There are 2 protein chains.
Amino acid sequence: MRRAVAGPGGTVRGPRQGRPTLEEVAERAGVSRATVSRVVNGQTTVAEELREAVEAAAAELGYVPHAAARSLVTHRTDSVALILPESPNRVFSDDQFFPSVIRGVASELDAAGKLLVLLTTGSAEARLRAERYAVGGHVDGVMFASLHDADLLPELMLRRGVPVVCNGLPHLAAPCIDVDHIGGVRAAIEHLIAQGRTRIATVAGPQDMVAGRERLDGYRQALAAADRRAIVAVGDFTAESGQAAMRQLLADEPGLDAVFVASDLMAHGALQALREAGRRVPEDVAVIGFDDIALALFCDPPLTTVRQPIAQIGRSMARAMLRLLEGQEVEPLKVLPTELVIRESA
Amino acid sequence: MRRAVAGPGGTVRGPRQGRPTLEEVAERAGVSRATVSRVVNGQTTVAEELREAVEAAAAELGYVPHAAARSLVTHRTDSVALILPESPNRVFSDDQFFPSVIRGVASELDAAGKLLVLLTTGSAEARLRAERYAVGGHVDGVMFASLHDADLLPELMLRRGVPVVCNGLPHLAAPCIDVDHIGGVRAAIEHLIAQGRTRIATVAGPQDMVAGRERLDGYRQALAAADRRAIVAVGDFTAESGQAAMRQLLADEPGLDAVFVASDLMAHGALQALREAGRRVPEDVAVIGFDDIALALFCDPPLTTVRQPIAQIGRSMARAMLRLLEGQEVEPLKVLPTELVIRESA
DNA sequence: CTGTTAGCGCATTCAT
DNA sequence: ATGAATGCGCTAACAG
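In this report, the structure presented in the accompanying data block is examined. All values derive from a computational prediction rather than experimental measurement.

The rules behind each value
- Position labels on residues start from 1 in each chain and follow its written sequence.
- Here the convention is simple: chains get letters from A, ligands get numbers from 1, in the order in which they are written.
- This being a predicted model, a pLDDT of at least 70 is required before a residue's local features are given, and a value of 80 or more before pairs of side-chain atoms are given or counted; all residues contribute to the totals for chains, interfaces and linings.
- Remark: hydrogens and water are excluded; side-chain values derive from all non-hydrogen atoms of the structure.
- Superposing copies: least-squares fit, C-alpha atoms only, residues required to have pLDDT of at least 70 in both.
- A contact between two residues is defined here by any heavy atoms of the two lying within 4.5 Å.
- To pair, rings of Phe, Tyr and Trp, with the six-membered ring standing in for Trp, must have centres within 6.5 Å; the planes then decide the type, stacked if under 30 degrees apart, edge-to-face if over 60, and tilted in the middle.
- Only protein chains enter the accessibility calculation, which uses a 1.4 Å probe; a residue is then buried when its area is under 20% of its type maximum, exposed when over 50%, and partly exposed in between.
- Only runs of H or I of at least four residues qualify as helices and only runs of E of at least two qualify as strands under DSSP, and these elements are numbered from the N terminus.
- Here, over-ring charges are defined by two tests on the NZ atom of lysine or the CZ atom of arginine: distance to the ring centre within 6 Å, and angle to the ring normal within 35 degrees.
- Any Lys or Arg side-chain nitrogen found within 4 Å of a carboxyl oxygen on Asp or Glu counts as a salt bridge.
- Polar contacts, as used here, are pairs of N or O atoms within 3.5 Å; protein pairs need one atom able to donate a hydrogen and one able to accept it. Residues neighboring in sequence count only if both atoms are side-chain atoms.
- Working definition: residue near molecule or strand if any one of its non-hydrogen atoms lies within 4 Å of it.
- Patch definition: residues with relative accessible area over 30% and no salt bridge; like charges joined within 9 Å; nonpolar side chains (Val, Leu, Ile, Met, Phe, Trp, Tyr) joined within 5 Å.
- For every accessible area listed, the method is Shrake-Rupley and the probe measures 1.4 Å; residues are considered covered only by the protein chains on display.
- For this classification, Asp, Glu, Lys and Arg are treated as charged, while Ala, Val, Leu, Ile, Met, Phe, Trp, Tyr, Cys and Pro are nonpolar and the rest, including Gly, are polar.
- Criterion used throughout: strands pair if DSSP finds at least two bridges between them.
- Call a crossover right-handed when, viewed with both strands pointing away from you, the route from the first strand across the helix to the second goes clockwise.

Points about the relation of the copies chain A and chain B
No. 1: By a simple turn and slide, chain A fits onto chain B: the slide is 0.0 Å along the axis, the RMSD is 0.1 Å, and the turn is 180°. On this basis, the relationship between the two copies can be described by a two-fold rotation axis.
No. 2: Both copies share a contact surface, since 100% of the interface residues of chain A are interface residues in chain B too.

Given below as structure tokens:
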């Protein structure tokens, strides 16, 4: 038995003390370190007899390879980071977007035996830490969810030779996964027009993000095609901002009879604002959201919305990353389909 | 210059190739590796002149310490794992529990400059990977959220000398953070009794978890104190199971006039079952949930529920882990308060 | 205050 | 098929 190293008050000092090493396994099995290494890494060039001896010794000692030592020589860690460019509070708020992306990524990496490291970069320090973390070789690659235009981290990582996969910033020399924002929004607007709605407004998302811009573009295009006038207010994807923007729209254009809101969370806020103003949905004002998160079902009335396959974004990002790490080719831009889900609000 | 290693098709092989090392920085700055190391690690015992030279050289080369190399000698990684003992699909589902715990953990670790590694252990392989990951020294410590009784991972890690903090399994030689389930449930039942409800049923949670058992205990205790009979069905914390259990209760005891449901998600299912059965809430049947996640507000009618401070569980776990890693004392069991939030369903 | 030296635990040549 | 030797990049004693 190895002596347990303990501090003054009996407190254990340092995480791991008596962890068995390759060398100890080798000694116990009566072979060289190299042989143990071969067995541990599943090479087939080892005599059955020795292999069994090594396996027995490893089991008895409870040997587990030391990650850092191994990664120091292999330059691989078998883990991948997912960077969420918001604060933890925002990432794990009511908005199901990030959790769903994480779910997709996690299940795909899980299946590949890779580990997921989550990093939020809502602050400048957090961004710096993430950079040092990734560049420091803690992970084999980095995935970004829902990027803002001004975020330099992806480029920086690319320059450092870190494999990168993006969501929300195409044309970046890194594979990008996104959805068909414009197509989805056009379907929504056309649905409103087909209903006979004439004054169709929008609550747009933040304009420093592709998702915000393209959903607004889709709205403008569909309206222009029908020769209608655009009525626009801008939010930041939060419920509060949706409520405020809806109030603004009602003030600007009291006669509006429909609104496309660029996220379900904002749509929930917009519904509140409409209720405050005494407008009935959908009789007076039709409302369509975007995302189709669980909340859409719980809205009153249940929200008609453009569904985007959020978890699928995560899965696709993970798969692209896995291919990248294998040195296989990856398509530079993958666009997933969106779909109008009609419920009661429009 | 180091030879760049490239594969056949020009594909880069292995993530990082020409990354500058301590040695190169030292050479460029005209000092020894040790001096560079001192500067990089912020030691004050370096002459101003040399320090500046080193910093300049490091900046020019874009030097970032190699995590594995450092951790190989320091035995520290500055990152901590949070283990979520469910599948990714369950962890990141409608239930806000895990996301909220993650949020609490992330914000606290963030502030301490530590990194968060998320591991889901919903399958046997995932559990094995998590074990090897933690024991392999990838992280400095491991936190468990919402443990099941039969989960051996915490004990296993403890035996391996990995610092552990738990939620959901007390008495385990590892600090445990939990909430006052029993107190919260008793308050709920007393509220129902004060309303004059006489036949009070419960949809209990899974009985292989402390949260499930204690919430049922609280219910039984409060009923016994009032000399009432217990009416019990069991779910697994999902909405579907809540709906099924509620149907069961209505079949078993058509005359019930109140139900305490051990999670908001199950309560949402129960409300559906009650609606199906034509019972009005709260007129015919009062409903109280547990958790106070966002969904509770969106229920129809808005759900009276026992609030537990979920994000606070995460924060407390993180703080306990940080203290553990500092070698400071940590209280073995921390119980956070719960609180009855009265809305319209009871 | 600085440089020299010696490993950390492992995978991987290269001999045998 | 196996073992001996080497080095990944870094920190920490130890001298000076």
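Focus on the packing of aromatic side chains
Residue and element names in this part refer to chain A.
No. 1: Counted according to the given criterion, the structure contains 4 aromatic pairs over all chains.
No. 2: Plain terms: the ring middles of Phe97 and Phe98 are 5.4 Å apart, the flat faces sit at 85° to each other, and that makes the pair edge-to-face. This pair shows no difference in class: Phe97 is buried, exactly as Phe98 is.
No. 3: Centroid distance Phe260 to Phe290: 6.4 Å. Interplanar angle 75°. Geometry classified as edge-to-face. Here Phe290 lies in strand S9 (residues 286-291) and Phe260 lies in strand S8 (residues 258-261), a separation of 30 residues in the sequence. By the burial criterion, Phe260 is buried, and Phe290 matches it.
No. 4: Of note, Arg215 hangs over the ring of Phe290, and the distance from its end group to the ring centre comes to 3.8 Å.

Structural notes on the interface of chain A and chain B
Many descriptions give the size of an interface as the accessible area lost when the pieces come together.
No. 1: Residue-level contacts link 54 residues of chain A with 54 residues of chain B.
No. 2: In this assembly, chain A and chain B are joined by 2 salt bridges.
No. 3: The closest approach of N and O atoms between Asp110(B) and Arg129(A), which form a salt bridge, is 3.6 Å.
No. 4: The interface formed by chain A and chain B holds 10 residue pairs in polar contact (both at pLDDT 80 or more) in total.

Concerning the pattern of salt bridges
No. 1: Evaluated as defined, the whole model comprises 31 salt bridges over all chains.
No. 2: With a shortest N-O distance of 2.9 Å, Glu253(A) and Arg229(A) are connected by a salt bridge. Within this pair, whereas Glu253(A) is found in the loop between helix H11 (239-252) and S8, its partner Arg229(A) is found in the loop between helix H10 (210-225) and strand S7 (231-234), the two being separated by 24 residues in sequence.
No. 3: The class for Arg229(A) is exposed, based on a relative accessible area of 53%.
No. 4: One salt bridge connects Lys114(B) with Asp78(B), and the closest N-O pair in it is separated by 3.1 Å. In this pair, Lys114(B) is assigned in the loop between helix H6 (97-112) and strand S2 (115-120) and Asp78(B) in the loop between helix H4 (67-74) and strand S1 (79-84), connecting sequence segments 36 residues apart.

Observations concerning the protein's contact with DNA strand C
No. 1: Around DNA strand C, the surrounding shell holds 27 residues, and the nearest of these are Leu22(A), Tyr63(A), Thr35(B), Arg38(B) and Ala47(B).
No. 2: When the atoms of DNA strand C within 4 Å of the protein are sorted by group, sugar and phosphate make up 58%.
No. 3: Between a phosphate oxygen of DNA strand C and a side-chain N or O atom of Asn41(A), the distance comes to 3.1 Å.
No. 4: One of the backbone N or O atoms of His66(A) is found 3.2 Å from a phosphate oxygen in DNA strand C.

Here's the deal with a nonpolar patch on the surface
No. 1: A grouping of Leu72(A), Leu72(B) and Val73(B) is seen on the molecular surface, where their side chains present a nonpolar patch of about 240 Å² in accessible area.
No. 2: You can see Val73(B) is positioned in helix H4.

Considerations on the protein's contact with DNA strand D
No. 1: In the vicinity of DNA strand D there are 27 residues, among which Arg33(A), Thr35(A), Ala47(A), Leu22(B) and Tyr63(B) approach most closely.
No. 2: A distance of 2.3 Å is found between a phosphate oxygen of DNA strand D and a backbone nitrogen or oxygen belonging to Leu22(B).
No. 3: Note that a phosphate oxygen of DNA strand D is positioned 3.1 Å from one of the side-chain N or O atoms of Asn41(B).
No. 4: Counting only elements with at least two residues in the surface near DNA strand D, the list comes to helix H2 (33-40) and helix H4 (67-74) of chain A together with helix H2 (33-40) and H4 of chain B.
No. 5: Element by element, the count of residues in the surface near DNA strand D is highest for H4(B), at 5 residues.
No. 6: Residues of the surface near DNA strand D, tallied by class, amount to 14 nonpolar, 8 polar and 5 charged.

Overview of the pairing of strand S7 (residues 231-234) of chain B
Residue and element names in this part refer to chain B.
No. 1: Only one face of S7 is covered, namely the one carrying Ile231 and Ala233; the face carrying Val232 and Val234 has none of its residues buried.
No. 2: The sheet contact formed by strand S6 (residues 200-204) and S7 spans 4 bridges and is parallel. Residue pairing for S7: Val203 is matched across the bridge by Ala233.
No. 3: One crossover worth recording links S6 to the parallel S7 by way of helix H10 (residues 210-225), and it is right-handed.

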